[in-house]
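The residues making up each chain are set out below.
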Amino acid sequence: MARDKIYLEEVFPSPFMQLWMIFRKTPVAMAGFSCFIFLVVLAIFGPLLAPHSPVEGQLDMILLPPAWHSDGNVSYLLGTDELGRDMLSRLMYGTSLTFGLSFIVVLISLVVGVIIGSLSALTTGMKSSFLNHFLDVILSIPSLLLAIIIVAILGPGLSNTVWAVVMVLIPQFIHITRYAVKEEFRKDYVLASRLDGASPFRILYYSIFPNIVDRIMGQATMAQSAAILDIATLGFLGLGAQIPMPEWGATLANGLDLFYIAPWTVYLPGLAILFSVVATNLVGEGIRHALKLRKER
Amino acid sequence: MAELLKVEGLTKSYQSKGFWFNKTQPPILDSVSFAVKAHKTLAIIGKTGSGKSSLAKILVGAESATSGQIYLNGQALKAGSYQHRCQHIRMIFQDSGTTLNPSLTIQQLLDEPLKINTPFDEKKRTELIRQTLQKVGLLGDHMNFYPHMFSGGQKQRISLARAIILQPQVIILDEALASLDPSLRSQMINLLLDLQQQMGLAYILISHNMGIIRHFSDDIMVLSEGKVVETGKTLDVMANPQHQVTQKLMMNQNFQLRSKKNR
Amino acid sequence: MNLLDIRNLSIELINEDQNILAVDKVSLSMKEGEVRGIVGESGSGKSLLAQAIVGVLNDKWHVHADRFHWRGIDLLRLPMHERKEILSRDIAMIFQEPMACLDPTTSIGEQLSEAIDDSNLTGFFWQRQKQRQAEAIKLLHKVGIKKHTACIKSYPHQLTEAVCQRVMIAIALARKPILLIADEPTAAMENTNQGQIFRLLASLNQLKSMAILLISHDLENITHWTHTITVMYSGQFVEAGTTDQIFKKAMHPYTQALVDSSPMANLHLPAKSRLMTLPGSIPILQHLPIGCRLGPRCPRAQQDCVKSPAVSNFHGHKVSCHFPLLTKPNRG
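Starting from 1, residues in each chain are numbered consecutively following that chain's sequence as written. Naming scheme: in the order in which they are written, chains are lettered from A and ligands are numbered from 1. Totals for whole chains, interfaces and linings use all residues, but because this is a predicted model, local features are given only for residues with pLDDT of at least 70 and pairs of side-chain atoms are given and counted only at 80 or more.

## Things to note about the overall build of chain A
Phase 1: Numbering of helices and strands runs from the N terminus, with a helix taken as a DSSP run of H or I at least four residues long and a strand as a DSSP run of E at least two residues long. Helix and strand counts for chain A stand at 11 helices and zero strands.
Phase 2: Counted from the first residue to the last, chain A has its helices and strands arranged as α-α-α-α-α-α-α-α-α-α-α.
Phase 3: Its C-alpha atoms give chain A principal-axis dimensions of about 75 × 65 × 30 Å.
Phase 4: Once C-beta atoms have been placed from the backbone, residue pairs whose C-beta atoms lie within 7 Å are recorded as contacts. Intrachain contacts of chain A at a sequence separation of at least 6 include 70% that bridge at least 24 residues.

Quick look at the structure:
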């Protein structure tokens, strides 16, 4: 039956929709969110859209400044580096490396952390404590140091940095999941579920997870900005992405020697890192702010 | 009429944690025994700390007793076997705001006990949910709403729907009517009375409000510090309380009633 | 002279899409030393009314009134800060969950001494500390707490709800108010404790002739302790009069329904029979009925009820209904 909206209908959304509607009303969060989506799209389609190859350079176009300078060339929009590689293409490929990898890193550590955290919350006593704290020793080691250690053992490479950053992020997710699940367990509806005869996993999946997903998402965005910075830093130090991979930190390190003659090779990757970290942080802040407002209603 | 639920010598004591816990605490429940028949309501009263909530939790299976037996239709119930127990004994909590999961629709909420305990397919389950909602006075369409869209009285009705959907025989009302406004309370009482008639339920009512107890219950049991101090038919006990604790509880109620008669 | 005289107070909630009239032209008057009860279920606006009198509503609520007199002073003409000064000096308020209203990180003694006004203390400043303590102990004795040393040192979570409510009353009494507004003070307590708190309030009323505005959702509970009662429904004024008039000769169908749902009235009903109730439930703020808000549920509703009824006065018994129950119901 087709119905036109003649009357002012009362709209009662689900808790997720409520969160989304509050999020939509904050302009700063929406700006951050659109930048985030832009980066995600770039990370997926960047390799297809980049005008030039990021690794092969044209040796006759070395160190061209960006197109808005008088010496610049419009087909190399953001200039070239010392080997004639187009900066724009390098940055676009770099998005899928730095940003995309950080996304995957957060996803892996989220899944592992949530599983261990839920197990820790379901058990009690020694087992629970053990699961909660056995990865805490990693929290005490700075991520860079851990990466250096892993690189020293396994050798440099992007996959090794990924392992290092994953290891560092897992304990945070364990703690936050365990705390959230324990808090939910105290609520009456979980008791009602248990009395219905539901197994603990069923309770976890149907009753508890829908209520803690938003908190975990807030934590995930914070972890992602840390991951972006870690991957870029390790790339900068030469421990992560190796030449000639166009990862942002590595690109920045490359340009450092030429800073006085070709500053764009330094500030462009730097701006890219800044942009992605700010976008991620704004999305995270928006989620946390919306969560707080939704609780107040 | 055969006894539906029989409890014998239920005791629950604090679990001492090793050597440091030297103080002897009195047990939470001390040899509590009673029986409930179908179509009847048993009211349990007592001060806070007298063990009423622990008794309710033990009956429904959320906690286990240190000793004692619970017989349902002659069969002994084992602790921890929720699946068998939940089909016969259900509970309605006090605070309706936190007993409903805010992220699930009513349909999902009521589907859960059905999915776990009955072999019905989806169509039959939806139909059963719709019928149950209509029985408690809500519309069938309400199953698509979220809990925060309902008022307090409606949330208690949903809790009641969740309790009766498995066709139980005993329902425990743990202060379920205390937080409602008086007019909603009367509506809820009428609904409970109707359901008792239709489904042959036995209620165990834990409450402070003597007016409801007088109207709603057949038998009454007074708990004090874990022990049963007085039992009997409600009207008899309320007219002639024997034990000191009962007398104190009744005096408060009668004080209000008697002084009004003198106005 | 009336202590408090409010005429046609309305509280409106201004939203982007609609204006909601949460309290619709309610009138209230109190004499000195009177205990008045305001009875209404949830959504009746009684807490909003109390907060509007004291002046603690936030900016999203707009309050208008035709008349708002306090002891003869017209408060509507005064600027905001003067109004607040007068009201905070003479009116005190206690709330529903006393343990949540006390600061959990400070001891009771500190909170009590904080509430004591400097002007009540005489003497030089080095004597003030001792005087403050003496005054605090005196206040605790006034509310019936005898073990004052233990009480002053303890924190709110170590005391029971009833004792916390007494402490709240003591803090309210520190400024020697003329009117005490009690917003559902005993909602979270058992019967025995409720009786204690009400007895305390009654003794304060008799000994110090302090007026009390008692807000509750349970009509039957407060009829023993009040002189006059005002009944509200969904933000509208329903009925007002002496306790006797309201309880025995209710004129509005809603008041009659409230009286019917109290245990006292049901004493003569056989056990486990159906209680008399109004069908339906309280309207939510977004969908308030026009005119008399009881219209959809009222058994005596007719065409005229879509217009707001005027207040009729029968020997001090005020009703707001087009078709009041003028004949006395037969009580067996």
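Once you've had a look at it, read on.
## Observations regarding the overall build of chain B
Phase 1: Helix and strand content of chain B: 10 helices and 10 strands.
Phase 2: Exposure in this text rests on C-beta crowding, where 20 or more other C-beta atoms within 10 Å of a residue's own make it buried, 12 or fewer make it exposed, and counts in between make it partly exposed. The C-beta atoms are placed from the backbone. Classification of the 263 residues of chain B by burial places 44% in the buried group.
Phase 3: Counted over contacts in chain B with a minimum sequence separation of 6, partners at least 24 positions apart contribute 67%.

## A word on the domain arrangement of chain B
Residues and elements named next belong to chain B.
Phase 1: Note that the domain bounds were set by an automatic or database domain assignment. Assigned domains of chain B: these are domain 1 (1-13 + 26-88 + 169-256) and domain 2 (104-167).
Phase 2: A straight line from the C-alpha centre of domain 1 to that of domain 2 covers 25 Å.
Phase 3: Of the residues lining the interface, 12 residues belong to domain 1; the matching set on domain 2 comes to 10 residues.
Phase 4: Broken down by element, the side of domain 1 that touches domain 2 gets its largest block of residues, five residues, from helix α7 (residues 182-199).
Phase 5: Side-chain classes are defined by residue name, with Ala, Val, Leu, Ile, Met, Phe, Trp, Tyr, Cys and Pro counting as nonpolar, Asp, Glu, Lys and Arg as charged, and the others, Gly among them, as polar. Across the side of domain 1 that touches domain 2, the residue classes tally to nine nonpolar, three polar and no charged.

## Quick word on the environment of Tyr-76 of chain A
Phase 1: As for its position among the elements, Tyr-76 of chain A is in the loop between α2 (27-49) and α3 (87-122).
Phase 2: Taking C-alpha positions, Tyr-76 of chain A is 49 Å from Asn-211 of chain A, a pair spaced 135 residues apart along the chain.

## Looking at the interface of chain C and chain B
Phase 1: In this complex, chain C contributes 26 residues to the contact, which on the side of chain B involves 26 residues.
Phase 2: Put simply, the parts of the chain that give the side of chain C that touches chain B at least two residues each are α8 (191-208) and α11 (253-260) of chain C.
Phase 3: Ranked by residues supplied to the side of chain C that touches chain B, first place goes to α8 of chain C with three residues.
Phase 4: For the side of chain C that touches chain B, the residue count by class is eight nonpolar, 12 polar and six charged.

## Thoughts on unusual backbone geometry
Apart from glycine, the bulk of residues carry a negative phi angle, and the bulk of peptide bonds sit in the trans form.
Phase 1: You will see that Glu-225 of chain B, though not glycine, has its phi angle at about 55°, which is positive.
Phase 2: Note that Glu-225 of chain B resides in the loop between β9 (219-224) and β10 (227-233).

## A short note on the nonpolar core
Phase 1: Think of a nonpolar core as buried Ala, Val, Leu, Ile, Met, Phe, Trp, Tyr and Cys residues chained together by C-beta atoms that fall within 7 Å. Grouped together as the largest cluster of nonpolar side chains are 136 residues, with contacts concentrated most on Leu-169 and Ala-227 of chain A together with Ile-44, Val-170, Ile-172, Leu-173 and Ile-204 of chain B.
Phase 2: The element contributing the most residues to this core is α3 of chain A, with 14 residues.
Phase 3: Among the domains, domain 1 (1-13 + 26-88 + 169-256) and domain 2 (104-167) of chain B are the pair contributing at least three residues each to this core.
Phase 4: Setting aside chain neighbours within four positions, we find Ile-204 of chain B in contact with Val-36, Leu-42, Ile-44, Val-170, Ile-172 and Leu-173 of chain B.

## So, the sheet that holds strand β5 (residues 75-76) of chain B
Residue and element names in this part refer to chain B.
Phase 1: Only strands joined by at least two bridges in the DSSP assignment are considered to pair. In space, the four strands of this open sheet follow the order β2-β1-β4-β5, with antiparallel pairing throughout. Lying at the two open borders of the sheet, with one neighbouring strand each, are β2 (29-37) and β5.
Phase 2: Bridging between strand β1 (residues 3-12) and strand β4 (residues 67-72) involves five bridges; their strand directions are antiparallel. Bridge pairing in β4 links Glu-8 to Gln-69.

## Some details on the packing of helix α9 (residues 200-236) of chain A against helix α11 (residues 264-296) of chain A
Residues and elements named next belong to chain A.
Phase 1: Think of each axis as a best-fit line through the C-alpha atoms, taken over the contacting stretch in the case of a helix, with angles from 0 to 180 degrees between the N-to-C directions. Their axes nearest at 9 Å, the elements α9 and α11 cross at an angle of 165°. Comparing the axis directions of α9 and α11 gives the class roughly antiparallel. When the axes of α9 and α11 are compared, the crossing they make is left-handed. When α9 is examined against α11, the residues Asp-214, Arg-215, Met-217, Gly-218, Thr-221, Met-222, Gln-224, Ser-225, Ile-228, Leu-229 and Ala-232 are found in contact with a partner set consisting of Ile-273, Ser-276, Val-277, Thr-280, Asn-281, Val-283, Gly-284, Ile-287, Arg-288 and Leu-291. Convention used here: angles under 35 degrees read as roughly parallel, angles over 145 as roughly antiparallel, angles from 65 to 115 as roughly perpendicular, and any remaining angle as oblique. Handedness of a crossing is defined here by the sense of rotation of the near helix relative to the far one, left-handed for an anticlockwise turn of less than a right angle and right-handed for a clockwise turn.

## Re the sheet that holds strand β6 (residues 89-92) of chain B
Residues and elements named next belong to chain B.
Phase 1: Strand order in this open sheet of six strands is β6-β7-β8-β3-β9-β10, and the pairing throughout is mixed. Each edge of the sheet is formed by a strand with only one pairing partner; in this case those strands are β6 and β10. On average, adjacent strands in this sheet sit at an angle of 20° to one another, irrespective of strand direction.
Phase 2: Of the strand pairs in this sheet, strand β3 (residues 41-45) and β9 are connected by four bridges, and their pairing is parallel. Bridge pairing links Ile-44 to Met-221 in β9.
Phase 3: The sheet strands contacting helix α1 (residues 52-60) are β3, β6, β7 (170-174), β8 (202-206) and β9, and the helix crosses β7 at an angle near 150°.

## Structural notes on the environment of Leu-109 of chain B
Residue and element names in this part refer to chain B.
Phase 1: Structurally, the position occupied by Leu-109 is in helix α4 (residues 106-117).
Phase 2: Between the C-alpha atom of Leu-109 and that of Ser-159, which follows or precedes it by 50 residues, the distance is 9.9 Å.
Phase 3: Those residues within four positions of Leu-109 in sequence are excluded, and the remaining contacts are Leu-100, Asn-101, Leu-104 and Arg-162.

## Description of the environment of Ser-109 of chain A
All names here are of chain A.
Phase 1: With respect to the helices and strands, the residue Ser-109 is situated in helix α3.
Phase 2: You can call Ser-109 buried: it has 23 C-beta atoms within 10 Å.
Phase 3: Put simply, Ser-109 and Val-166 are 57 residues apart on the chain and 5.4 Å apart in space, counted from C-alpha to C-alpha.
Phase 4: With near-sequence residues (within four places) excluded, Ser-109 lies in contact with Val-166, Leu-169, Ile-170, Phe-173 and Ala-223.

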